[in-house]
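Report on the structure
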Amino acid sequence: MIDVSGLPILSLIIFAPLVGAIALAFVPGDNVRLVKQVALATTLVTLVLSLLAAVGFGAAAEYVLPGSEGSSGFRYVETVPWIPFFGILYRVGMDGISLLLVVLTTTLTTISVVYSFGPIKTRVKEYMISFLVLELGMIGVFLALDLFLFYIFWEIVLVPMYLIIGIWGGANRIYATIKFVLYTLVGSLLMLVAILATAFTFQAANGGDWTGAFDLLTLRAAGGFDPTLQLFCFIAFFLAFAIKVPMWPFHTWLPDAHVEAPTAGSVILAGVLLKLGGYGFIRFALPLYPQAAHDLAGIIVVLSLIAIIYGAIVAIVQPDLKKLIAYSSVSHMGFVTLGIFVFQEQALQGAVLQMINHGIITGALFLCVGVIYERTHDRTLARMGGLSKPTPVFAGVFGFFVFASLGLPGLAGFVGEFLVFVGTFAVSPVAAAIAAFVMVFAGVYLLWMFQRIAFGPVSDFLKGLGHHLTDMDRTEVLTLAPLFALTIIFGLYPAAILDLIQQPVTDLLVALGSAPATGLVP
Amino acid sequence: MGGMSFAADPHAGIAAVTQAGSTEQLLLTLLLVLPIVGFTLTVVLGRRLSRPWIIAVPTIIVVWAIATYLSVQALIGDAFHGGAIQTTIYEWIPAGAFSVSFDLFFDNLTAVMLLVVTTIGMLVHVYSIGYMAHDPGKWRFFAYLNLFMFSMLLLVLAANFLLVFAAWELVGLSSYLLIGFWYHKRSAALANKKAFLVNRVGDIGFALGIMAIWTTIGTLDFVQVFDLLPAQLAGGHIEQWMMVGICLLLFCGAMGKSAQFPLHVWLPDAMEGPTPVSALIHAATMVNAGVYLVARSSPLFATAPEALILVAAVGIFTAIFAASIAFTQKDIKRVLAYSTLSQLGYMFAALGVGAWTAAIFHLATHGIFKGLLFLGSGSVIHGVHEEQDMDKMGALRRKMPITHWTMLIGSLAIAGIPPLAGFFSKDEVLGEAFKLGFQWVWLIGVVVALMTAFYMFRLMGKTFYGESHVDPHVEPHVHESPPTMTVPLIILAVLSVVAGAYLGLPLGDSTIHHWLAPVFHPALETMGVHAEPYQLFGIDGALILVSVAVATIGMVAAWRMFGFFRIHDRLDTVRALTARVPTLYQGSFHKWYFDELNDLLFVRIGGRVADAFAWFDVHIIDGAVNGVATLTRRAGDEVRQSQTGRVQNYALGIAGGLILIAVILLLVGTR
Amino acid sequence: MSQSLDAYLLLACGLFAIGTFGFLARRNAIAMLMSVEIMLNAVNLAIVAFGMFIPALAGAGQVIALFVMAVAAAEATVGLAIVIAIYRNRRTPLVDEYASMRE
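Residues numbered from 1 in each chain as written. Chains lettered and ligands numbered in written order. Predicted model: local features only at pLDDT ≥ 70, side-chain atom pairs only at ≥ 80, totals over all residues.

As a further point, take the overall build of chain A. In terms of regular secondary structure, chain A is built from 20 helices and 2 strands. Rg of the C-alpha trace for chain A: 22 Å, near the compact-globule value of 24 Å for 522 residues, within the 12% margin. When its C-alpha atoms are laid out on the principal axes, chain A stretches across 75 × 60 × 45 Å. Each of the 522 residues in chain A was classed as buried or not, and the buried ones make up 61%. (Helix = DSSP H or I, 4+ residues; strand = E, 2+ residues; numbered from the N terminus. Rg over C-alpha atoms; globule rule 2.2 N^0.38 Å. Buried ≥ 20, exposed ≤ 12 C-beta atoms within 10 Å, placed from the backbone.)

Structural data, given as structure tokens:
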């Protein structure tokens, strides 16, 4: 076993993709084979590094912020002064939640890169560079502990995704990608203002000393910002994260982006990018502005409920496979925000579980859609039918993920959703009852989709494809297999996740003043 | 939490729960491991096997042997002294205070359920070897059957509500897969979706009920819930109305799975699946899950009499409602499906009046004879080359003697003719309802008994007696089924004859009561129900006479109309009769238009609503977003007009600005 | 030499107004350049006057005026060159024909 405690492991994870991307820049673009090899090697190295961090996580020491009491809850913390004049640090650290999300990111990026070998035929080099930079940004967001650093990574994510949709996307890609970027920018610029406002306030309160003004740990420990400042800053953060999640009514960029994005782009979009929002709430918005979070929680819970039900209902009538799954993401991500904002232990754990599991399951569903699209160059449900016969393996795998998405117990989707339900019920039975209706709506859109794809006689459109309609090839099986296994493992043994997030969740609830109940609830 | 053991408390009347010994633990685990391994192996290897059942069927036979051993140990050997054993496999969801273990639980109720599930399951597996012999995809069929057995065994073995819920969904999944087994048939693809979705409607209630239990009582473990409940109720931690709410929510789940009105619509459609599936899942085992859930939760329901009344009302209404539809259906399997609804209604009626044991008794006997009837109908369908319309059958008794005799026994049993199984259990349901003060339940139940006898012998008459209406091309090829199919029929027929007497005698102090007394004792204590002395030459005897009499009347009426033995059928009379009451006939024939109502409500109106939402999304929400974009662009265009490109215009602006600044400075600067 | 600063400022103001008017009203590019020169000279006059009447400036006004004159000369040179270039291109000295700054 390699001991990672002596290494700057987090920086290695963050910058390994960057090294790969720079290396790729020197590879001739027409040597597609080498480009793919370098890209795959980079993602694999990053994956292995993240797994090493996971293995050593339990043994790593928790960081204690100088001058404060008790552990910060973060491990592998690295601190380097970056812009000392403003107290801006390069500070990264990992807790259970970010560990899970980083591993999710490295796993999904590797799968996406492997999956892209076939479908991406133009500008492969630029595509792979975009993906590696994207990975850098996403990992950075999950590991940054400095607000300014976090903002930088947050914006880095935007650029490669803009290119991936805009260059390798579908027919209407320009509209979709501009919508995606503008939407996200509106939120993130407001967030920047809030970050600066917070830092200035902190600096003013500290007699003009900038030290720690952008440092999450310092700010969190200081706490107690003025309620008005909290309210405005929270709203700014909320907008940035709500757009990313996306919460109702800021969700309309998502279906367009998904429809136009190439398959691997959709996988990353649904699998990781949407989680940035949920993660932002948990890591930044709630600990920094607890008072405002409490004040606005009611509204956000209502928005989440709307998203859950509304997304599911709209998904029912979508004619396009990707749009359908995009709206289902709106519904599923509603559980994340619902779970976060009821401020209850089980609900919060469920929200984190749901983030991970949604990443796995929806990522897999998009891969499945890609499998269909590669053969038919179509995603219209009305043209599908009877795929069980010509492509039985695909139908079986697709059905598996459909039921996982449906929340079938024993598979990954169930536990997170149910924990959110239970936690919500303990706080507000009415909210839980409203959300519970999604059990039926989700069944309607998912089973209807599955029926129209897999059951019935083989449609004329598919018959017309003749021998092009082959079952999944080895690459496709290879990319879906790990997600398949994870779906079962996390469904049967969610403790693998729950044990990791117990501490951060408890800490957050303590910070929010809603300490988890111990023992039996009266 | 599974590791805790509870000492027997004679005052509370809760039976002792002990940690399972290593043998029992191994056997209980094997009950689950074997079918899931069988499922996995069959999925992986099935397509390459020349006999795809070679893994699945022996697996279930072993499971049956283990289950029988355990059950006999518990019931007859009294190995656990009427108590329960519990064992923890591992901790499933450790989420802080919400901690759910993968615990298995075994008491006498589990034992009875295990016997029913594995016996019929094993027979259906064997039967399917013959029935599915010519189907190219039969490896899938056996894989799904094993998956179902795993789910169903988990359902009856689970030691907490959440695990039951998990199994509940998994049986739903297996049912979905098996109903849609012939996936290329559009009707099958619609039926399995309908089944799953209607079940999900009930599951909303079940899930909310589980949440409510955890929120109020703080645990989901059966033993702990039942243990903590009395004190919390007495201490005022839990209000009584909460218990009513919890029980109603749980009952919603039970209504879905057991297809009680108005969630009954999925079961008749589920007959799209292969007939062994109808026998196993949609008659003998899975549809009983709702009954099992309510029975298992008896200590909860006992504290909520208001909920129990609703259970009784829904049950007895479903009984008569479904029987009225079974009268006129032409599809042999649909008659049996509505009959199943009706009999499940009996069970819920029994639960609702507090006759817990009678409900489980009827569950067991119904499982046997309804399984028999379905398998028999499968044999008939097989014999007449996949024809299900009874108008195209008739006079089959000579060509299919074994099927005929076994189905006759099944029909006599369901009609309640002594001394067959149905007589004992049905009589107990009705008798207890009467004696516990629910005379209205009894009265409707007696009418249903009359109807049951009639429609069952209508089915027998149209199928096996009278004149042959079989397609002339098929007629010469009609044949009795192979032994893999007839042997299970004979075994079930024998069970239909002896099971009732074995379990139901001696009257008033029957074996099954002894078996289940420890399970239902706490509930009966809470409800304050105490057994009255049995009066064979009094009220009980009179009730028996009434039910036997009505069953005979129904049977004889059908005999005369549909021609038995030497009596000619009088289809003209039947036609004349139906013509006299066209509204009733059409209503019954069209299942009281429930499918049409659902279609209108959920497909048409629901579809419109969803369309409206989608329109709203595109035109209002996204419209607002695009509107902002358009507005920005327009504004840009407007402002751009001021940029003429002429130097002097700009200079004018500069000069104007200068003057403006000068004026402002003059005005402000004077201070 | 008048004893009052106001007289110089009034004259500068008048000159500046004439220059401004010329710049805004004349269509001929060369006339506009001349108007700019008038405005610059008005400013020069004001600066020199201030330099004389405010002792603290200690004659610095003249130095500034010299700077302005140098800049004005440079500006006139460049301006004339541009005007000629445009004239060669467009065949007209009239500025309202020039709108290529629009896009």
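Bringing helix α19 (residues 483-504) of chain B into the picture now. Residue and element names in this part refer to chain B. Its 22 residues give α19 an end-to-end C-alpha distance of 31 Å, which sits within 8% of 32 Å, the value for a rise of 1.5 Å per residue. V498 marks the point of greatest bend in α19, at about 35°. Buried within α19 are the following residues: M485, T486, P488, L489, L492, A493, L495, S496, A499, G500, L503 and G504. Contacts from the buried residues of α19 go to α3 (108-131), α15 (356-383), α16 (401-415), α17 (421-435) and α20 (511-527). (Expected span 1.5 Å × (residues − 1). Bend = angle between axes of the 7 residues up to and from the residue. Contact = placed C-beta atoms within 7 Å.)

A few words now on helix α21 (residues 539-562) of chain B. Residues and elements named next belong to chain B. For α21, with 24 residues, the first-to-last C-alpha span of 35 Å sits near the 34 Å given by 1.5 Å per residue. Within α21, the full set of buried residues consists of D540, L543, I544, S547, V550, A551, G554, M555, A558, M561 and F562. Backbone geometry just downstream of α21 places G563 in the positive-phi region, at approximately 70°.

Once that is clear, we can look at the confidence of the model for chain A. When pLDDT is averaged along chain A, the result is 89; 97% of the residues meet or exceed 70. The low-confidence segment residues 516-522 of chain A (pLDDT under 50) makes 15 contacts with residues lying over four places distant or belonging to another chain. (pLDDT = per-residue confidence, 0-100.)

Counting residues at the interface gives 9 residues for chain B and 10 residues for chain C. Of the residues contributing to the side of chain B that touches chain C, the split by class is 4 nonpolar, 4 polar and 1 charged. (Nonpolar A, V, L, I, M, F, W, Y, C, P; charged D, E, K, R; others polar.)

Attention now goes to the arrangement of the chains. The chain pair with the greatest number of contacts, out of 2 pairs of chains in contact, is formed by chains A and B. No part of chain A reaches chain C; the closest C-alpha pair between them is 24 Å apart.

Next up on the list: the sheet that holds strand β1 (residues 17-19) of chain B. Residue and element names in this part refer to chain B. The mixed open sheet is built from 3 strands, whose spatial order is β1-β2-β3. Only two strands of the sheet have a single partner each, and these edge strands are β1 and β3 (98-106). Across the sheet, the mean angle from the axis of one strand to that of its neighbour is 50°, orientation sign disregarded. Pairing analysis gives 3 bridges linking β1 to strand β2 (residues 84-95), with the strands arranged parallel. Within β2, the position partnered with V17 by the bridge is A84. Packed onto the sheet, helix α1 (residues 22-45) meets β2 and β3 and runs at close to 60° relative to β2. (Pairing = 2+ DSSP bridges. Axes fitted to C-alpha atoms, helices over the stretch in contact; angles between N-to-C directions.)

Okay, the nonpolar core next. In this structure, F237 and A285 of chain A together with L157, A349, A350, A359 and A433 of chain B are the most contacted members of the largest nonpolar core, which totals 449 residues. The element contributing the most residues to this core is helix α6 (residues 186-217) of chain B, with 18 residues. Contacts of L157 of chain B, omitting those with residues within four sequence positions, involve L28, L31, L32, L104, F105, F106 and T110 of chain B. Among the nonpolar cores identified, the runner-up in size contains 8 residues, and A12, L40, A49 and A65 of chain C belong to it. (Core = buried A, V, L, I, M, F, W, Y, C linked by C-beta atoms within 7 Å.)

The next subject is the pairing of β2 of chain B. Residue and element names in this part refer to chain B. Where β2 and β3 come together, 9 bridges link them in antiparallel fashion. Residue A95 lies in a different strand from β3, and its bridge partner there is F98. Counted along the chain from β2 to the antiparallel partner β3, the turn is 2 residues long, and its residue G96 has a positive phi close to 60°.

Looking now at the interface of chain A and chain B. Listed by partner, the interface residues are 48 residues for chain A and 41 residues for chain B. Sorting the residues of the side of chain A that touches chain B by element identifies α11 (290-316), α13 (345-376), α15 (412-427), α16 (429-436), α17 (438-454) and α20 (495-512) of chain A as the ones contributing at least two each. Top contributing element to the side of chain A that touches chain B by residue count: α17 of chain A, with 8 residues. Each residue belonging to the side of chain A that touches chain B can be placed in one class, and the counts come to 35 nonpolar, 11 polar and 2 charged.

What follows deals with unusual backbone geometry. The omega angle of the peptide bond from W248 of chain A to P249 of chain A is 0°, so this bond is cis rather than trans. Relative to the elements of secondary structure, P249 of chain A occurs in the loop between α8 (227-244) and α9 (253-260). Here F261 of chain B and P262 of chain B are connected by a cis peptide whose omega angle stands at 0°. By the element assignment, P262 of chain B lies in the loop between α8 (240-257) and α9 (266-269). If you check the backbone angles, F343 of chain A has positive phi at about 50° while not being a glycine. With respect to the helices and strands, F343 of chain A occurs in the loop between α12 (321-341) and α13. Among the residues examined, F343 of chain A registers 22 C-beta atoms within 10 Å and is labelled buried. With a phi close to 60°, Y593 of chain B is a non-glycine residue in the positive phi region. Tracing the chain through its elements places Y593 of chain B in the loop between α23 (582-589) and α24 (594-640).

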